[in-house]
Structures are given as C-alpha cells and as structure tokens.
Amino acid sequence: GENVEQHPSTLSVQEGDSAVIKCTYSDSASNYFPWYKQELEKGPQLIIDIRSNVGEKKDQRIAVTLNKTAKHFSLHITETQPEDSAVYFCAAPIFSGGYNKLIFGAGTRLAVHP
Amino acid sequence: GAGVSQSPSNKVTEKGKDVELRCDPISGHTALYWYRQRLGQGLEFLIYFQGNSAPDKSGLPSDRFSAERTGESVSTLTIQRTQQEDSAVYLCASSLLSGQGHYEQYFGPGTRLTVT
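Sequence order as written defines residue numbering, which begins from 1 separately in each chain. Starting at A for chains and at 1 for ligands, labels are handed out in the order in which the entities are written. In keeping with the predicted nature of the model, local features appear solely for residues at pLDDT of at least 70, side-chain atom pairs appear and are counted solely at 80 or more, and the whole-chain, interface and lining totals rest on all residues. For side-chain calculations, the full set of non-hydrogen atoms in the structure is used, while hydrogens and water are omitted.

(A) Representation of the confidence of the model for chain A within the structure. Think of pLDDT as the predictor's per-residue confidence, scored from 0 to 100. Across chain A, pLDDT averages 93, with 100% of residues at or above 70. Helix and strand assignments come from DSSP, with helices taken as H or I runs of at least 4 residues and strands as E runs of at least 2, each series counted from the N terminus. Predicted confidence in chain A is weakest over strand S10 (residues 99-104) of chain A, with a mean pLDDT of 84, and strongest over strand S2 (residues 10-14) of chain A, with 98.

Written out as structure tokens, the structure reads:
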C-alpha cells in the first residue's frame, strides 16, 4: 500500500523568507498529489495539487514540484507571511476497492514570525 | 454555497458512554470520508462512502466504531463504549464522484471528542 512520509514536522521561518516542505511516497502508480492547509480549529483546505504529467505548478506565492523518478514532491512557499502559519499536509492516492483513497502525511507545523 | 458541516463541534463524554457524530456533506457530493486526527498528528482514514455502494470500512480501529450514510446525504459516526484513546478531532470530508478520478475533498470543521 501507499506510504507517505513528510518532513520536517515543524518549521519556523521569518516573515519574507521561503519555506519548503517535502514528501515522499511509495506507490509508483500514484498520479495525483494534493497539499492541504489546516488552520487552527478548522478542517484542512486544499491549497494546490499536481498531477503526474507535470513537474511543477505555481499559484502566486506557492508552488509544488514533483519528481516521479525519485517519488517525492515538495511544497514551496515564497515571501512567507504570518497568515501562512498553519499545519500543512501532503497526500498521495492509493487505488483500492474501486476508488482513490488519499493517504496523508503526518503534517508540518509552519510558524512564520513577524 | 454551504460547505461541509459537522455537529456537535465539541463533545465531552464519560468513558464507557456511546457518542454519535454527525456530518452534512456538500449537496451533490457522492463521496464522503471520515478521518480521525489525534492531537498534533495527521489524518487517519476511518471509512468511505460512495453513493449506494458498500462502504470501505478498512480504517475503522475496532468494532466499537460504526458509521452510516443514507444515499448521498447525512452520515453519522457512532463510537460505542468510548475509551480515553478515542479522544481526538473527527473530521468529515465530501467530494464529487471518486472512482478513478481525483477530486478535491472538502473538509468540515470537525468534532472535538474528549473522553474523560
């Protein structure tokens, strides 16, 4: 089955710096990699995703890169702001029982200090 | 439009009592998921419903846990004879038809369960 590992577990940066969170997955058949942001007392929310037919995707200050050969993908946040402080989860799918189930990483707690 | 809603937002119960958690998915979403999130940890898959198909119960941790969903509407997660290790936030998510495609999962705010 799919195994998703996420690093680091915590990350502290100064406002304006960049933040990078990395994930590895085990199932070479996986072809979709979303990133979710969870703010305090809220449910996770999708912020960006990438499919296996591209190597990079950007949306304003956030970007995701994918290396299918090495089976890892990363989230990049540039010009960090205090409101970026949250827990970030990566995920990868496993096709089981006729549907795609997402397996989530353990999460990265990002703190952006003013 | 309305997002996924869950109730109650918080539940404190005594060890050994039964609890029932409710999830109202986004209208039109055929897929519904339940996850457990222990303090400071990731999302642990519990159960998945897809339309009228048999649910995937592979993530339920014990037979004290059960869930129901009628058609494409409300779902309830029931925990019988609660234990302290059941204390966690229980998250519900819904999405459009899953199948072989990939669709965004929309999460509710969760129910924080505390077993004393």
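(B) Quick peek at the state of the cysteines. Here, two cysteine sulfur atoms that lie within 2.5 Å of each other are counted as a disulfide. In this structure the tally under the stated criterion is two disulfides over all chains. The side chain of Cys23(A) participates in a disulfide bridge whose partner is Cys90(A); the two sulfur atoms lie 1.9 Å from each other. Of note, the bridge from Cys23(A) to Cys90(A) carries an S-S torsion of about -95° and is left-handed in sense. Here Cys23(A) is found in strand S3 (residues 19-25), whereas its partner Cys90(A) is found in strand S9 (residues 86-96), with 67 residues between them in sequence. When its relative accessible area of 0% is taken as the criterion, Cys90(A) is described as buried. Each sulfur in the disulfide pair Cys23(B) and Cys92(B) lies 1.9 Å from the other. Taking the sign of the torsion about the S-S bond as the criterion, the disulfide between Cys23(B) and Cys92(B), at about -65°, is left-handed. Of this pair, Cys23(B) sits in strand S3 (residues 19-24) while Cys92(B) is found in strand S8 (residues 88-95), placing the two residues 69 residues apart along the sequence. Exposure class is identical for Cys23(B) and Cys92(B). Each is buried. Exposure is judged per residue with a 1.4 Å probe applied to protein chains only, and the accessible area is read against the type maximum: over 50% gives exposed, under 20% gives buried, and values in between give partly exposed.

(C) Geometry of the pairing of S10(A). Residue and element names in this part refer to chain A. Within S10, five of the six residues are buried, leaving the element largely enclosed by the surrounding structure. When DSSP finds two or more bridges between two strands, those strands count as paired. Relative to S10, S9 runs antiparallel, the two sharing six bridges. Paired with Ser 96 across the two strands is Tyr 99, which belongs to S10. Linking two consecutive strands that pair antiparallel, namely S9 and S10, is a turn of two residues; a positive phi of about 65° is found at Gly 97 within it.

(D) View of the pairing of strand S11 (residues 108-113) of chain A. Residues and elements named next belong to chain A. Only one face of S11 is buried, namely the one carrying Thr 108, Leu 110 and Val 112, since none of Arg 109, Ala 111 and His 113 on the opposite face is buried. Where S2 lies against S11, five bridges are found, and the strand directions are parallel. Paired with Val 13 across the bridge in S11 is Val 112. With three bridges connecting them, S9 and S11 associate as antiparallel partners. What sits directly across from Tyr 88, in S11, is Thr 108.

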